[in-house]
Amino acid sequence: MKQPQRKRPGRESSNTGNPPLRKQPPLKKQGGGRRGRVSAAVPAGQIELPRTAAQRRRRNRIPFTFPTQTVLGIITSPRWISLAVLVVMVYFLQLLATRSDFYLRYIPVEGLVSIPADEIVATSGLAGRHVFAVDPNVAARRIAEMPGIVSASVTLKWPNRVNISIVEDTPIAVWMTPDQSFWINEQGQLLPARIDVPGLIHIRSENTRGLIGVPAKEEAESAGPAADDGEAEDIEEEVAETPPPKTSGAVPTDILLGALILQKLQPNGTTLLSLNYHPSNGLSYQDERGWPVFLGTGTDMRQKLTIYRAIVDDLLTQGITPQYVSVTNKEKPFFMAAR
């Protein structure tokens, strides 16, 4: 009996639609086959082996490539740009706040005549201040408010240069009391006397309260000369008629003009630099021959001096030495003879 023949898988699969399996060709004994193919040997002389570890590291080192795109992305990012600007601004602010080059250390003052420069600088408030923390207009206004200053200007220059220019009110006389001295400007205003200006006439007041609010009778009692008999009555009447000078930071015009005229009318080219003032007798000075001369106030000093010199010449001719001579009232001059 014949046994049934077994079908090969390949052929059986052909009936099902699958491709048939291919039989692998036999391997050849010596090269030529794909699985048994062996590469040719490389001669030992062509292989270079690194001799040291440094050479091996260099051989195995991975080449570095600069991340250009990443860096450009960071640089051009708005956030990084804002951060860089902020850092730069903080640095410059710190530089401006700490560097001494931006502080006002040297402050020159132009136009000084009699006021010390230290007083001007102290009033301005600029010394030691930061250049960005000062207002030149405010400083100029403070200086202009000082007594004796007509105008002032302040100029700032980078980085720490400042210049102050002032125009002073020139004094023409000095008013002196036992406690304090004042300058008198052309308007008769009293200003603080800061330094001694040569060539100015000095008017000394015997009253400790100066010219403000002094009753006439009180001043008459403390007056230097006093007339005898009828002459004394004339003086008392004249004092009662003449009210005490009213000044509030200023010298009356008749006193100031009278003093300036007397300074110019001295004989032999001499300069009168010292006068006394009393409300009852006005202006007076000490004659070089030893007696005081009372001339009152006003602009008629030339006539009063003429009368005084005529009286003195007549007295000396008679051999009389006066104790004092008063021409306060040029219509009624009088004198007292020395005993």
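Fair warning: this is a prediction, and the values are worked out from it, not measured in the lab.

Asks: How should a nonpolar patch on the surface be read in this particular structure?
Replies: On the surface, Trp-80, Leu-83, Leu-86, Val-87 and Val-90 cluster together to form a nonpolar patch covering roughly 490 Å² of accessible area. In this fold, Val-90 is placed in helix α4 (residues 78-98). On the accessibility criterion, Val-90 (49% relative accessible area) is partly exposed.

Asks: I keep staring at the confidence of the model for the protein chain and nothing clicks. Help me out?
Replies: Interpretation of the predicted coordinates at a detailed level should be avoided for regions scoring low in pLDDT. Confidence in the prediction of the protein chain, expressed as mean pLDDT, is 74, and 65% of residues score 70 or more. Low pLDDT, under 50, characterises residues 208-248; the predicted model gives this stretch 53 contacts beyond four residues in sequence or across chains.

Asks: Looking at this model, I keep getting lost on the environment of Thr-297. Mind explaining?
Replies: Relative to the assigned elements, Thr-297 resides in the loop between β10 (292-296) and α10 (301-317). Residue classification places Thr-297 among the partly exposed positions, given a relative accessible area of 26%. Spatially, the C-alpha atoms of Thr-297 and Ile-255 are 5.3 Å apart, while their sequence positions differ by 42 residues. Beyond its immediate stretch of four places on either side in the chain, Thr-297 contacts Asp-254, Ile-255, Tyr-277, Gly-282, Leu-283 and Lys-304.

Asks: So what exactly am I meant to see when it comes to the pairing of strand β9 (residues 282-286) here?
Replies: Within β9, four of the five residues are buried, which leaves it mostly tucked inside the rest of the structure. Between strand β8 (residues 274-278) and β9, which pair antiparallel and follow one another directly, the connecting turn spans three residues.

Asks: Would you take a moment to explain the pairing of strand β7 (residues 201-205) for this structure?
Replies: In the case of a regular strand, side chains alternate between the two sheet surfaces. Counting buried residues in β7 gives four out of five residues, a clear majority hidden from the surface. Both strand β4 (residues 173-176) and β7 contribute to a ladder of four bridges, which runs parallel. The residue of β7 that forms the bridge with Met-176 is Arg-204. As judged from the four bridges shared by β7 and β8, these two strands associate in the parallel manner. When the bridges of β8 are listed, Ile-203 appears paired with Leu-275.

Asks: Before we go on, may I ask you to explain helix α9 (residues 253-264) in this structure?
Replies: Working note: α-helix, 3.6 residues per turn, so residues spaced by three or four point in the same direction. The end-to-end C-alpha distance of α9, which contains 12 residues, comes to 17 Å, matching closely the 16 Å that a straight helix rising 1.5 Å per residue would cover. Turning to α9, its buried residues number three or more, namely Ile-255, Leu-256, Gly-258, Ala-259, Leu-260, Leu-262 and Gln-263.

Asks: Would you take a moment to explain the packing of aromatic side chains for this structure?
Replies: Two measures describe an aromatic ring pair: the distance that separates the ring centres and the angle between the ring planes. Inspection of every chain in the model, using the stated rule, returns three aromatic pairs. Geometrically, the ring pair formed by Phe-294 and Tyr-324 is edge-to-face, given 6.0 Å between the ring centres and 85° between the ring planes. Remark: Tyr-324 occurs in strand β11 (residues 322-326) and Phe-294 occurs in strand β10; sequence separation between them is 30 residues. For the pair Phe-294 and Tyr-324, a shared accessibility class is recorded, and that class is buried. Here the aromatic rings of Tyr-324 and Phe-334 are separated by 6.2 Å at their centres, their planes lie at 90°, and the arrangement is edge-to-face. Of this pair, Tyr-324 sits in strand β11 while Phe-334 sits in strand β12 (residues 334-337), and the two are 10 residues apart along the sequence. Classification of Tyr-324 by relative accessible area gives buried; the value is 4%. You can call Phe-334 buried: its relative accessible area is 9%. Feature note: the residues Phe-294, Tyr-324 and Phe-334 constitute an aromatic cluster, connected by ring pairs.

Asks: What am I meant to see in the side chain of Thr-177 here?
Replies: Counting through the fold element by element, Thr-177 comes out in the loop between β4 and β5 (181-184). One polar contact links the side chain of Thr-177 to the main-chain carbonyl oxygen of Gln-180, over a distance of 2.8 Å.

Asks: Sorry if this is basic, but what is going on with the pattern of salt bridges here?
Replies: A pair can form between side chains of opposite charge whenever their charged atoms are brought close. Under the definition given, this model contains three salt bridges. Salt-bridge contacts for Lys-304 lead to Asp-300; the nearest nitrogen and oxygen are separated by 3.8 Å. On the accessibility criterion, Lys-304 (3% relative accessible area) is buried. Classification of Asp-300 as partly exposed rests on a relative accessible area of 22%. What emerges from the salt-bridge pattern is a single network uniting Asp-300, Lys-304 and Lys-330.

Asks: How do you make sense of the packing of helix α5 (residues 117-124) against helix α6 (residues 136-144) when you look at a structure like this?
Replies: Each packed pair of helices is defined by two parameters, the angle between the axes and the distance between the axes. Packing of α5 against α6 leaves a shortest axis separation of 8 Å and a crossing angle of 130°. Taken together, α5 and α6 sit at an angle that is classed as oblique. In this structure, α5 crosses over α6, and the sense of that crossing is right-handed. Contact residues: α5 offers Ile-120, Thr-123 and Ser-124, while α6 offers Ala-139, Arg-142 and Ile-143. Taken together, the residues of the contact of α5 with α6 break down into three nonpolar, two polar and one charged.

Calculation rules
- Residues numbered from 1 in each chain as written.
- Predicted model: local features only at pLDDT ≥ 70, side-chain atom pairs only at ≥ 80, totals over all residues.
- Heavy atoms only, no water.
- Patch = residues over 30% accessible without salt bridge, like charges linked within 9 Å, V, L, I, M, F, W, Y side chains within 5 Å.
- Areas by Shrake-Rupley, 256 points an atom, 1.4 Å probe, with all protein chains shown as cover.
- Salt bridge = Lys/Arg side-chain N within 4 Å of Asp/Glu carboxyl O.
- Helix = DSSP H or I, 4+ residues; strand = E, 2+ residues; numbered from the N terminus.
- Buried < 20%, exposed > 50% of the residue type's maximum accessible area, 1.4 Å probe, protein only.
- pLDDT = per-residue confidence, 0-100.
- Contact = heavy atoms within 4.5 Å.
- Pairing = 2+ DSSP bridges.
- Expected span 1.5 Å × (residues − 1).
- Phe/Tyr/Trp six-rings, centres within 6.5 Å; stacked < 30°, edge-to-face > 60°.
- Polar contact = N/O pair within 3.5 Å; in protein donor to acceptor, adjacent residues only side chain to side chain.
- Axes fitted to C-alpha atoms, helices over the stretch in contact; angles between N-to-C directions.
- Parallel < 35°, antiparallel > 145°, perpendicular 65-115°, else oblique.
- Left-handed = near helix turned anticlockwise from the far one by under 90°.
- Nonpolar A, V, L, I, M, F, W, Y, C, P; charged D, E, K, R; others polar.

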